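Fold and contact review
Here is how the chains run, residue by residue.
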Amino acid sequence: LIINKAASLRDINEKAYTAWFSHCTPPSLISRDHHEFISFLSEQQKIVVKPLDGMGGKSIFVVADGDPNANVILETLTDGATRFVLAQRYIPEIADGDKRILLIDGEPFDYALARIPAPGETRGNLVLGAKGEGRVLTERDRWICSEVGPVLKRKGVMFAGLDIIGDYLTEINVTSPTGIRELDHQYGTDIADLLMGTINRRLSE
């Protein structure tokens, strides 16, 4: 039994794979073309731009239309139009937290960890000082999970994390779905035991 199928780890880029669920995401653009990004920025007025292979909040920029640094940010992230990057419409609900929802064999754990950015920050990463606050899943959260979870299960991904800001899916994490310890501490749960129980059941099938 492979917990997260190797081919799926290869295929599911944690930023780009959200494009398969565009009905769950904010307006997004994956490109390396400078003019496409400028046009997208003009349409959305404020965007988040990030590399497809980044983690831990590294090299994530918030860019507003008219920002004098927009051109150099895009040139730097695309490495002179040679690397693809992701741009998404800025979601102001980030102030209320970037929610991490854990999926075990396609099913969501009942609580999300909302990572609330530190003062002066726009990135909801615990390593950057964000505060982790448990939240009960909303109906919208569960609907997004119902769209993504079965696909991940079919692809052999037993343990994953969805990142949701406001009403929108922003990332699908299949390599380092953190948040277990924080949720266990707040709710007295044992998420690892749930995962191990699922693995045992699968082994006995």
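Across the seven residues that make up strand 5 (residues 98–104), a large majority, seven, are buried. Neither face of strand 5 is left uncovered, since the one carrying D98, R100, L102 and I104 and the one carrying K99, I101 and L103 both have all their residues buried. The pairing of strand 5 with strand 7 (residues 111–116) spans three bridges and is antiparallel. Note that in strand 7 the partner of D98 across the bridge is R115. Inspection of the sheet shows strand 5 paired to strand 9 (residues 159–165) by seven bridges, in the antiparallel sense. Considered in strand 9, the bridge of L102 is made with G161. Of the strand pairs in this sheet, strand 5 and strand 6 (residues 107–108) are connected by two bridges, and their pairing is antiparallel. Bridge pairing in strand 6 links L103 to P108. The loop that links strand 5 with its antiparallel partner strand 6 comprises two residues; one of these, D105, has a positive phi angle of about 55°.

So, on to unusual backbone geometry. Positive phi, normally seen in glycine, also occurs at D79, with a value near 50°. Secondary-structure assignment places D79 in the loop between helix 3 (70–77) and strand 4 (85–89).

Let us now look at the packing of helix 2 (residues 34–44) against helix 3. Their axes nearest at 11 Å, the elements helix 2 and helix 3 cross at an angle of 135°. Considering their axes alone, helix 2 and helix 3 lie oblique with respect to each other. By crossing handedness, the relation of helix 2 to helix 3 is classed as right-handed. Facing helix 2, whose interface residues are H34, F37, I38 and L41, helix 3 presents A70, N71, L74 and E75. A breakdown of the residues in the contact of helix 2 with helix 3 according to their chemical character gives five nonpolar, two polar and one charged.

Right, let's get into the layout of surface pockets. Here the idea is plain: a probe the size of a water molecule rolls over the atoms and shows the empty space left. Taken as a whole, the largest pocket encloses approximately 860 Å³ of empty space. Lining the largest pocket are 46 residues, with G56, R115, N125, D163 and E171 sitting closest to its centre. When residues of the lining of the largest pocket are traced back to their parent elements, those giving at least two are strand 2 (46–51), strand 4, strand 5, strand 7, strand 9, strand 10 (168–173) and helix 5 (180–187). Here the residues of the lining of the largest pocket sort into 18 nonpolar, 14 polar and 14 charged.

Before going further, it helps to examine helix 2. Regarding helix 2, the residues found buried are F37, F40, L41 and Q44. Buried residues of helix 2, seen end-on, are gathered within an arc of 100° and therefore sit on one face of the element. Residues H35 and E43 are exposed on helix 2 and point more than 90 degrees away from its buried face. The residue sitting at the N-terminus of helix 2 and contributing the capping side-chain oxygen is D33; that oxygen lies 3.0 Å from the backbone nitrogen of H35. Note on helix 2: the residue one or two positions beyond its end, Q45, has a positive phi of about 75°.

Calculation notes
Residues numbered from 1 in each chain as written. Predicted model: local features only at pLDDT ≥ 70, side-chain atom pairs only at ≥ 80, totals over all residues. Heavy atoms only, no water. Buried < 20%, exposed > 50% of the residue type's maximum accessible area, 1.4 Å probe, protein only. Helix = DSSP H or I, 4+ residues; strand = E, 2+ residues; numbered from the N terminus. Pairing = 2+ DSSP bridges. Axes fitted to C-alpha atoms, helices over the stretch in contact; angles between N-to-C directions. Parallel < 35°, antiparallel > 145°, perpendicular 65-115°, else oblique. Left-handed = near helix turned anticlockwise from the far one by under 90°. Contact = heavy atoms within 4.5 Å. Nonpolar A, V, L, I, M, F, W, Y, C, P; charged D, E, K, R; others polar. 1 Å grid on protein atoms, 1.4 Å probe; cavity = no way out; pocket = protein on both sides within 12 Å on 5 of 7 lines; lining within 4 Å. Points joined across faces, edges and corners; volume = space filled by probe spheres on them. Arc of directions from axis to C-beta. Polar contact = N/O pair within 3.5 Å; in protein donor to acceptor, adjacent residues only side chain to side chain.

Without other data, these values stay purely geometric and don't point to any function.
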